[in-house]
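# Working through the structure, step by step
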Amino acid sequence: MLRKSWQLNVKCTCWLQLQRRYVHGNVVETLRSRNFVQAVTSETISEQVKSPVAVYCGVDPTASSLHLGNMVTLMGLLHFHLAGHQVLPLVGNATGAIGDPSGRSTERVALEQDVLAKNIAGIELQLKRFFERGTAYAQSRIPDLDPNVLRPVRVLHNADWYQGLGVLQFLGSVGRHVRIGAMMARDSVKSRLQSPQGISFTEFSYQLLQAYDFWYLYHHHGCRIQLGGSDQWGNITAGTDLIRRLPGPQSTSAGDQDSQSIGEAFGLTIPLLTTASGEKFGKSAGNAVWLDETRTSPFDIYQFFVKTSDADVERFLKMFTLLSLPKIAQVVKDHSQAPHHFLAQKLLAAEVTQLIHGQAGLNQALCATEVLFGNRKSLESQQFTSQDFANAFLGDHRLVSIPRSHVLGKPISEIAVLLGSCKSKSEATRLARSGGLYWNNQPIADSKWVPSIESGDFIGENTIGIVRTGKTNYRLLQIL
């Protein structure tokens, strides 16, 4: 008994410390201050989070990677995690086979089992990595944050509670507590009914499954809050309604929550982000921006955010970083005085890249950015290593490795041909004369000029040279 009391006191002390260190001491108010809250099922949610609660957000494995649109709700979940609550990211490996009609004008194409399995594995890995890197990032942004007192993130799969649950049992227990009128009134259903394609019974029943997910998590994991995008409002309220109507299990296994004692269930929705111009957030030239570095590189993530408009940058700094609000206000003020320097955009890009890909990913992005858009002075000031360049352009055809003996002592015209920058030395000579040949982003007028290590003409620990022809044709020489 004494041991349990001691453990309880330790947990309470840790909780109070987290609340004192957190931005507002109340995670819902923190989310409000950062423009995360679209709607809540009850305003009393702010009172409930004054003590630890469990909260979940689901992701269906419709692709092998999460994208920036998913990151909006994940940031909300990260705030709950850092405030000391129990977060339960849910992989919808059961519901993913059905498809959520919310926000869609057509039905999703059914996934093959091998594709679904690959997607599930990819999403689960990314969820774990997001919270690991997010916590590491938070340590440098939230003073005195101790990750050892945070509750471990538990990634769950909803197929675990649908296995062995037959259609008749599901309809007999869940179906009788759900009213068709309420299901038909959901925006996701109404919009599809009015479309030429209509809606299948499969997608129509999706809200029952998401409602049951919340009901199950409420009774078996003590989960009282579901987080989702604003298009999920109907599915979320279907869950809170089912929790009120359908009693919990008569008996629970060891570790399950008392089904009658944890109180009201809540929903909180986050606005679906659009840019100030009305475009859907998270798209680049019409394509999704992925969190998987093999599909969207750290450099491309950085470039996506560095192109943020002045009208959006303050809002995105609040939502996608853990910088304090006074810090954000100061950065925006400084940016307004010299907008051509893009101070706010560069800070946003660096913060988000580090959050998603860690410090190593940020180093890659900054290195590639300086190579492609910087000048000789900025390249030298960053003091990138040879490995930084190799990592930044891993798998990129523009990085060419050549033995030392084939390069040193050769004029830039020959090096340009070796790298594939020019087809011939005469082409390199013409480019040099017209001001179109560059070495480490400095124009070279003499095609016979020979770069040397002794003269400090190479960067990256004297192993890297960058040849540019024209405005955008780059080659990186790596001396072996």
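Residues numbered from 1 in each chain as written. Predicted model: local features only at pLDDT ≥ 70, side-chain atom pairs only at ≥ 80, totals over all residues. Heavy atoms only, no water.

### Concerning the packing of helix H4 (residues 68–82) against helix H16 (residues 343–373)
What counts is decided by this rule: To obtain an axis, a line is fitted to C-alpha atoms, over the contacting stretch when the element is a helix, and the angle between two such axes runs from 0 to 180 degrees between their N-to-C directions. A run of H or I in DSSP becomes a helix once it reaches four residues, and a run of E becomes a strand once it reaches two; helices and strands are each numbered from the N terminus. Put simply, angles under 35 degrees are roughly parallel, angles over 145 are roughly antiparallel, angles from 65 to 115 are roughly perpendicular, and the rest are oblique. Contacts: residue pairs with any heavy atoms within 4.5 Å of one another. The nonpolar class holds Ala, Val, Leu, Ile, Met, Phe, Trp, Tyr, Cys and Pro. Asp, Glu, Lys and Arg form the charged class, and all remaining residues, Gly among them, are polar.
Put simply, H4 and H16 touch, their axes get as near as 13 Å, and they point 80° apart. On the basis of their axis angle, the class for H4 and H16 is roughly perpendicular. Contacts between H4 and H16 involve Leu68, Met71, Met75 and Leu78 from the former and Val352, Leu355 and Ile356 from the latter. In the contact of H4 with H16, the residues fall into seven nonpolar, no polar and no charged.

### Details of the pattern of salt bridges
As a reminder, the rule being used: A pair is scored as a salt bridge if a Lys or Arg side-chain nitrogen falls within 4 Å of a carboxyl oxygen belonging to Asp or Glu. Each residue is placed in one exposure class: buried if its accessible area under a 1.4 Å probe, protein chains only, is under 20% of its type's maximum, exposed if it is over 50%, and partly exposed if it falls in between.
Inspection of every chain in the model, using the stated rule, returns ten salt bridges. Salt-bridge contacts for Asp241 lead to Arg244; the nearest nitrogen and oxygen are separated by 3.3 Å. One end of the pair is Asp241 and the other is Arg244, both in helix H12 (residues 233–245) and three residues apart, which spans about a single turn. Asp312 is the partner of Arg315 in a salt bridge, and the nearest nitrogen-oxygen pair spans 2.7 Å. With Arg315 and Asp312 both in helix H14 (residues 310–320) and three residues apart, the pair spans about one turn of that helix. The exposure class of Arg315 is partly exposed, given its relative accessible area of 24%. Salt bridges sharing common partners tie together Glu29, Arg32 and Glu43.

### Description of the layout of surface pockets
This is how the line gets drawn: Note on definitions: the grid is 1 Å and covers protein atoms alone; a cavity is a set of points where a 1.4 Å probe fits but cannot get out; a pocket is an open set with protein on both sides within 12 Å along at least five of seven lines; lining residues have an atom within 4 Å of a point. Grid points are joined across faces, edges and corners, and a volume is the space filled by probe spheres set on the points.
Approximately 450 Å³ is the volume found for the second largest pocket. What lines the second largest pocket is a set of 18 residues, among which Phe170, Leu171, Ser205, Leu208 and Leu209 lie closest to the centre. For the lining of the second largest pocket, the secondary structure elements donating two or more residues are helix H7 (167–173), helix H8 (180–184), helix H10 (201–204) and helix H11 (206–221). Here the element with the most residues in the lining of the second largest pocket is H7; it accounts for three residues. Taken together, the residues of the lining of the second largest pocket sort by class into 14 nonpolar, four polar and no charged.

### Digging into the environment of Arg468
The cut-off we apply is this: N or O atoms closer than or at 3.5 Å make up a polar contact, with two conditions inside protein: a donor-capable atom paired with an acceptor-capable one, and, for residues adjacent in sequence, both atoms drawn from side chains.
Within the secondary structure layout, Arg468 lies in strand E12 (residues 464–469). For Arg468, a relative accessible area of 12% gives the class buried. Residues Arg468 and Tyr438, spaced 30 residues apart in sequence, show a C-alpha to C-alpha distance of 4.9 Å. In this structure, Arg468 is in contact with Gly436, Leu437, Tyr438, Asn441, Asn473 and Tyr474, ignoring residues within four places of it in sequence. Within polar-contact distance, the side chain of Arg468 engages the backbone oxygen of Gly470 at 2.7 Å.

### Overview of the pairing of strand E6 (residues 266–270)
What counts is decided by this rule: Two strands qualify as a pair provided DSSP detects at least 2 bridges between them.
With five of its five residues buried, E6 lies for the most part within the structure. The two faces of E6 match: Phe266, Leu268 and Ile270 on one face and Gly267 and Thr269 on the other face are all buried. Taken together, the two bridges between strand E1 (residues 39–40) and E6 define a ladder with antiparallel strand orientation. Bridge pairing in E6 places Val40 opposite Leu268. Looking at chain direction, strand E5 (residues 223–229) and E6 are connected through five bridges and run parallel. Within the sheet, the bridge partner assigned to Gly228 lies in E6 and is Thr269.

### Here we look at the confidence of the model for the protein chain
As a reminder, the rule being used: By definition, pLDDT measures how confident the predictor is in each residue, and it falls between 0 and 100.
Here the protein chain averages 86 in pLDDT, while 88% of its residues score no lower than 70. Scored below 50 in pLDDT, residues 1–10 shows zero contacts in the model against residues more than four places distant or in partner chains. Throughout residues 251–259 the model reports pLDDT below 50, and contacts reaching past four residues in sequence, or to other chains, amount to 13 contacts.

### Quick look at the packing of aromatic side chains
Pairs of aromatic rings are described using the distance from one ring centre to the other and the angle between the two planes. For clarity, the cut-off: Two rings from Phe, Tyr or Trp (for Trp, the six-membered ring) form a pair when their centres sit within 6.5 Å of each other. Planes less than 30 degrees apart are called stacked, planes more than 60 degrees apart edge-to-face, and all others tilted. Placement of a charge over a ring requires the Lys NZ or Arg CZ to be within 6 Å of the ring centre, with the centre-to-atom vector within 35 degrees of the ring normal.
Enumeration according to the criterion identifies 13 aromatic pairs in this entry. Aromatic side chains Trp161 and Tyr216 sit 4.5 Å apart centroid to centroid with 15° between the ring planes, which places their arrangement in the stacked category. You can see Trp161 sitting in helix H6 (residues 159–162) and its partner Tyr216 sitting in helix H11, a full 55 residues away along the chain. Neither residue differs from the other here; Trp161 and Tyr216 are each classed as buried. One aromatic cluster is present, built from ring pairs that chain together Trp161, Tyr162, Tyr212, Trp215 and Tyr216. If you follow Arg295 out to its NZ or CZ, it ends over the ring of Trp290, 3.9 Å from the centre.

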